[in-house]
Amino acid sequence: MSASRWSRADLKTAVRHLDELGVAHEGIKDIGAGYILEFRDPDDIALELFAPSS
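These notes cover the structure that comes with them. (Residues numbered from 1 in each chain as written. Predicted model: local features only at pLDDT ≥ 70, side-chain atom pairs only at ≥ 80, totals over all residues. Heavy atoms only, no water.)

What follows covers the nonpolar core. Membership of the largest hydrophobic core is limited to nine residues, which are Leu11, Ala14, Val15, Leu18, Tyr35, Leu37, Phe39, Leu49 and Ala51. Of all elements in the fold, only helix 1 (8-21), strand 2 (34-40) and strand 3 (46-52) reach the threshold of two or more residues within this core. Here this core takes four residues from helix 1, the largest share from any one element. Ignoring anything within four residues of it in the chain, the contact list for Tyr35 reads Arg8, Leu11, Ile28, Lys29, Asp30, Leu49, Phe50, Ala51 and Ser53. (Core = buried A, V, L, I, M, F, W, Y, C linked by side-chain atoms within 4.5 Å. Buried < 20%, exposed > 50% of the residue type's maximum accessible area, 1.4 Å probe, protein only. Helix = DSSP H or I, 4+ residues; strand = E, 2+ residues; numbered from the N terminus. Contact = heavy atoms within 4.5 Å.)

Next up on the list: the pattern of salt bridges. All chains considered together, the criterion is met by two salt bridges. Note that Lys29 is salt-bridged to Glu38, the shortest N-O span being 2.9 Å. On the basis of relative accessibility, which here comes to 24%, the residue Glu38 falls in the partly exposed class. In this structure, the salt-bridge partner of Arg40 is Asp44, at a minimum N-O distance of 3.7 Å. (Salt bridge = Lys/Arg side-chain N within 4 Å of Asp/Glu carboxyl O.)

Let us look at the pairing of strand 2. For strand 2, the tally of buried residues reaches five of seven residues, placing the bulk of the element in the interior. As defined by bridge partners, strand 1 (residues 25-30) adjoins strand 2 across four bridges and the pair is classed as antiparallel. From the neighbouring strand, Lys29 faces strand 2, where its bridge partner is Ile36. Between the end of strand 1 and the start of strand 2, which pair antiparallel, lie three residues, with Gly32 showing a positive phi angle near 90 degrees. Where strand 2 meets strand 3, seven bridges bridge the pair, whose relative direction is antiparallel. Counted as the bridge partner of Ile36 is Phe50 from strand 3. Hairpin connection from strand 2 to strand 3: five residues lie between these consecutive antiparallel strands, with Asp44 at a positive phi of about 70 degrees. (Pairing = 2+ DSSP bridges.)

Following this line, the structure appears as structure tokens:
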């Protein structure tokens, strides 16, 4: 998957969307250099969205 540039607000929107779809996720984590949102696709492949710190 490709995205131009994610922001923390975009990750919050993604969390709401995943919740609406019933997709389990780890919530947004602050990793210092930015924020990540981890979840798995239907084939159980780990996916991660990253938003840099502003």
